[in-house]
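Here are the chains, one letter per residue:
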Amino acid sequence: MKFLDYLVESRKLVTAKREDFGATVSINLITNFTDTILQQALVGVALSQNVYPDVHVVPYKQYHLHLKDPKSDLRRRSADITFIFFDVNPFKDSEFLSRAHFEEVLADIEQYVKDSKGMVVVNSFIASYQSAYGNLVAENPKFALIHEYNKKLDALSATNPNVTVFDTNRLVHILGESNAFDLRGIYAFDIPFTNDFMALMAEEWFAYIRALIGGVKKCIVLDLDNTLWGGVVGELGPLGIALGPDYPGNAFVNFQRALLDFCNRGIILAINSKNNPADVAEAFEKNHYFVLGEKNFSAIRTNWDDKIANMKSIAEELNIGLDSMVFIDDDPLHRAMVAAALPEVTVPDWSMPPEEYTRALYGLNLFHQFSLTDEDREKGRMYAEERQRKNVRERAVDVNDYIASLGITMTISMNDETLSPRLAQMTQKTNQFNLTTQRYGEHDIRKFLADDNLAFSGKVDDKFGDYGTVILAIVKNGAGVGLKKDEAALDSFLMSCRVMGRGIECAFIDHVIRELHAREVKKLHAKFIPTAKNDPAKNFLHEHGFSQTPKGNDDYILDIETYIAHPCEKVNKAIIITP
Amino acid sequence: METLKKTFSSVLGIPVEKITPDLSPENTPSWDSLNAIVLITEIEKTFKVKFGYDEAMAAKTFGDVVALVKSKSTEFHG
């Protein structure tokens with residue numbers, strides 16, 4: 001969508017009802033320029049993505065006062081996410097050219113960040129490449145100052161887990177400075193940016209919101225002919241397709257290289273193509289210009305079934321929602337069919353020459369995360385291993401025998417602060433096996449631990465490989481949540497979909513309950529908060545000895561003594577647990 | 001002309017058929033100072049023209065804007 005589309009969309013806010021949207025996000029916006037248009041663009045992007053934005057804007061030129069005043073609306077308002085964007089440009093004087101002002105504001109931001117429960121995204125300052133110093137860029141004091149400021153922002157982010165720095169120069173670089181700054185706007189209206197820049201900025205910011213509400217995309221599903229290579233393999237043969245050192249084959253080679261980078265950062269790849277499986281297998285085997293191998297794909301559908309059915313079966317096989325999938329296909333008809341039948345799937349326009357593929361792929365800002373974990377980097381490999389496991393499962397007769405044969409081991413950690421980034425990320429990304437769908441940032445997790453609560457997590461592996469840290473329970477100290485001293489509350493219990501169906505959750509909760517028993521906790525309170533997606537977790541509490549309380553349907557309670565006397569029969573004894 | 005009307009319609013949130021030469025900030029509440037800026041910048045982008053600050057500010061009605069764009073753009077066909 002373009003700027004004007006977002007502007008039109010933003011007007012719907014007046015009549016929009018927040019309960020009609022998939023999610024509501026409260027946003028604080030702090031800038032040092034006239035930001036109304038930017039705010040409208042952000043509202044438009046959010047509404048177009050089924051998110052109701054509740055935006056608080058600091059009055060023009062009062063950011064430093066509101067940041068400092070603990071009684072300001074800004075400081076008292078608890079926003080899910082805060083965007084801070086201070087403009088310094090090469091063409092106009094700025095209060096930020098005073099180091100004292102910057103230091104003062106930075107200190108106030110740090111205080112704001114420490115008080116804030118939400119995420120804070122700070123835009124880096126835009127580098128001043130144009131000045132009287134011409135080619136001697138580094139001699140320009142403004143350039144050096146901005147460089148110094150940006151390093152301090154990075155330091156702020158490094159010491160505060162709820163702060164992330166948005167590299168504004170990346171955006172200016174993509175658009176080009178002459179398309180990013182609006183010179184008349186700078187002097188006449190104090191709107192330093194073009195509409196196109198603000199639309200792009202709003203999209204980038206929204207990508208953080210998407211990460212916050214668990215809406216990031218996890219999987220790229222690809223067509224083959226004219227998408228992964230040029231031409232039709234069934235007609236041209238494995239060596240006849242365009243894939244190699246010359247144009248257009250080199251455009252496809254580099255598109256594959258970019259996809260491999262996505263795979264290596266944790267985005268799953270899959271194939272959905274109308275082709276003879278034998279032709280495709282032969283191409284992968286015989287054409288040595290392939291960058292991607294079959295091993296990089298976590299699910300492969302090369303058949304003559306319709307692409308809609310294939311999409312559904314890929315989602316099922318990978319245990320991910322259709323709404324976490326992106327479908328890339330050069331054929332407009334197939335795109336239109338998938339988009340119409342499966343509106344949850346993101347289907348970008350892919351009618352373009354192959355030389356534009358890689359840039360278009362980079363330009364999809366659907367995969368933003370607050371940080372990258374080791375699990376992300378290993379995910380592609382893990383899913384590929386899962387495909388091998390499935391091959392074994394198809395041979396095994398009894399599912400319990402099969403699970404036993406996997407040799408699953410689980411290493412359980414309790415209150416390991418170094419795991420905070422991964423634990424926070426799990427709360428943000430897990431939708432299906434999740435009892436309460438509470439989203440937390442790294443700082444929340446650290447705070448829980450500091451406040452005498454318990455966070456259990458399990459790292460799982462089996463004979464095929466390592467799944468990483470995939471299961472989490474946060475148990476709150478009863479006294480801290482208005483319960484008795486010898487009671488506790490299961491605030492969060494969730495498990496990554498890639499290990500579902502192995503009895504891991506049973507073994508894990510069993511361990512948690514036994515640990516609580518050892519700590520002389522008598523009762524464990526829990527909740528199941530239903531969402532559109534967490535059906536797989538629906539019966540979990542009931543199956544593990546929890547009973548519904550008279551209070552309401554969502555509230556459960558477990559008598560720990562009774563559980564210890566009669567533990568859940570489903571606990572898989574074959575799982576080896578190392579605490 | 002249709003493109004220009006569409007831009008006005010999107011920015012001001014009024015139907016295309018309501019956009020007449022005498023449309024002005026006086027008879028259109030959504031034509032405020034902020035949307036005036038958006039109108040200028042979007043029209044400049046669409047027609048690949050650049051208005052001087054004074055001439056842009058002097059355009060008080062839709063009719064004025066049409067005349068201004070005509071005077072700047074060779075592509076514009078009224």
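Calculation notes
Residues numbered from 1 in each chain as written. Chains lettered and ligands numbered in written order. Predicted model: local features only at pLDDT ≥ 70, side-chain atom pairs only at ≥ 80, totals over all residues. Helix = DSSP H or I, 4+ residues; strand = E, 2+ residues; numbered from the N terminus. Buried ≥ 20, exposed ≤ 12 C-beta atoms within 10 Å, placed from the backbone. Rg over C-alpha atoms; globule rule 2.2 N^0.38 Å. Contact = placed C-beta atoms within 7 Å. Nonpolar A, V, L, I, M, F, W, Y, C, P; charged D, E, K, R; others polar. Pairing = 2+ DSSP bridges. Axes fitted to C-alpha atoms, helices over the stretch in contact; angles between N-to-C directions. Right-handed = clockwise from strand over helix to strand, strands pointing away. Parallel < 35°, antiparallel > 145°, perpendicular 65-115°, else oblique. Left-handed = near helix turned anticlockwise from the far one by under 90°.

**Q** So, the overall build of chain B: which residues are in play, and what are the values?
**A** Along the backbone of chain B there are four helices and zero strands. Its helices and strands taken in sequence order, chain B reads α-α-α-α from the N to the C terminus. Each principal axis of the C-alpha atoms in chain B carries an extent, and together these give about 30 × 25 × 20 Å. Residues counted as buried form 29% of the 78 residues belonging to chain B.

**Q** Please provide a residue-by-residue account of the overall build of chain A, values included.
**A** Regarding its fold elements, chain A presents 23 helices and 18 strands. By the compact-globule yardstick of 25 Å for 579 residues, chain A fits well, its C-alpha radius of gyration being 26 Å. Projecting the C-alpha coordinates of chain A onto the three principal axes gives extents of approximately 75 × 70 × 45 Å. Counting every position in chain A, which comprises 579 residues, the buried fraction comes to 42%.

**Q** Lay out the interface of chain A and chain B with the relevant residues and their values.
**A** Listed as interface residues are twelve residues of chain A and, on the opposing side, nine residues of chain B. Sorting the residues of the side of chain A that touches chain B by element identifies α1 (3-10), α2 (36-48) and α9 (183-189) of chain A as the ones contributing at least two each. Class assignment of the residues belonging to the side of chain A that touches chain B gives a composition of seven nonpolar, two polar and three charged.

**Q** I'd like to hear about unusual backbone geometry, residue by residue, with values.
**A** In most cases, non-glycine residues show a negative phi, while peptide bonds are predominantly trans. Residues and elements named next belong to chain A. In this structure, Pro248 follows Tyr247 across a cis peptide bond, with omega equal to 0°. Tracing the backbone shows Pro248 in the loop between α11 (233-236) and α12 (249-264). Even without a glycine there, the phi angle at Lys61 is positive, about 60°. Tracing the backbone through its elements, the reader meets Lys61 in the loop between β2 (51-57) and α3 (63-68).

**Q** Which residues make up the sheet that holds strand β1 (residues 23-31) of chain A, and what values go with them?
**A** All names here are of chain A. If you walk across this open sheet you meet the five strands as β2-β1-β3-β4-β5, and the pairing is parallel. For this open sheet the edge positions go to β2 and β5 (163-166), each flanked by a neighbour on one side alone. Within this sheet the neighbouring strands show an average axis-to-axis angle of 25°, counted without direction. Of the pairings in the sheet, the one linking strand β4 (residues 119-123) to β5 comprises four bridges and is parallel in character. Following the sheet pairing, Val121 is matched in β5 by Thr164. Relative to the sheet, α2 contacts β1 and β2, its axis offset from that of β2 by approximately 160°.

**Q** Kindly report on the environment of Tyr362(A), identifying the contributing residues and their values.
**A** With respect to the helices and strands, Tyr362(A) occurs in helix α16 (residues 357-363). Tyr362(A) sits in the exposed class, given 12 other C-beta atoms within 10 Å.

**Q** Give a detailed account of the pairing of β2(A), specifying residues and quantitative values.
**A** Residues and elements named next belong to chain A. Bridge count for β1 against β2 is seven bridges, and the pairing is parallel. If you follow Thr24 over to β2, its bridge partner there is Tyr52. Each parallel crossover has a hand, and the one from β1 via α2 to β2 is right-handed.

**Q** I'd like to hear about the sheet that holds strand β7 (residues 268-274) of chain A, residue by residue, with values.
**A** All names here are of chain A. Strands sit in the order β8-β7-β6-β9 across an open sheet of four strands; the sheet is parallel. Of all the strands in the sheet, the pair left with one neighbour each is β8 (297-303) and β9 (325-328). The mean inter-strand angle of the sheet, taken between neighbouring strand axes irrespective of direction, is 15°. Alignment of strand β6 (residues 219-222) against β7, held across four bridges, turns out to be parallel. Its bridge partner being in β7, Val221 is matched across the sheet by Ala270. Along the sheet, helix α14 (residues 307-318) contacts β6, β7, β8 and β9; its crossing angle with β8, the most-contacted strand, is approximately 155°.

**Q** Tell me about the packing of α2(A) against helix α10 (residues 195-212) of chain A, residues and numbers included.
**A** When two helices pack together, you describe them by how their axes are tilted relative to each other and by the distance separating the axes. All names here are of chain A. One can describe the packing of α2 onto α10 by two numbers: an axis separation of 8 Å at closest approach and a directional angle of 50°. It follows that α2 is oblique to α10 by the angle criterion. Judged by the twist between their axes, the crossing of α2 over α10 is right-handed. Note on element contacts: α10 touches α2 through Met198, Ala199, Met201, Ala202, Glu203, Trp205, Phe206 and Ile209, opposite Ile37, Leu38, Ala41, Leu42, Val45 and Ala46.

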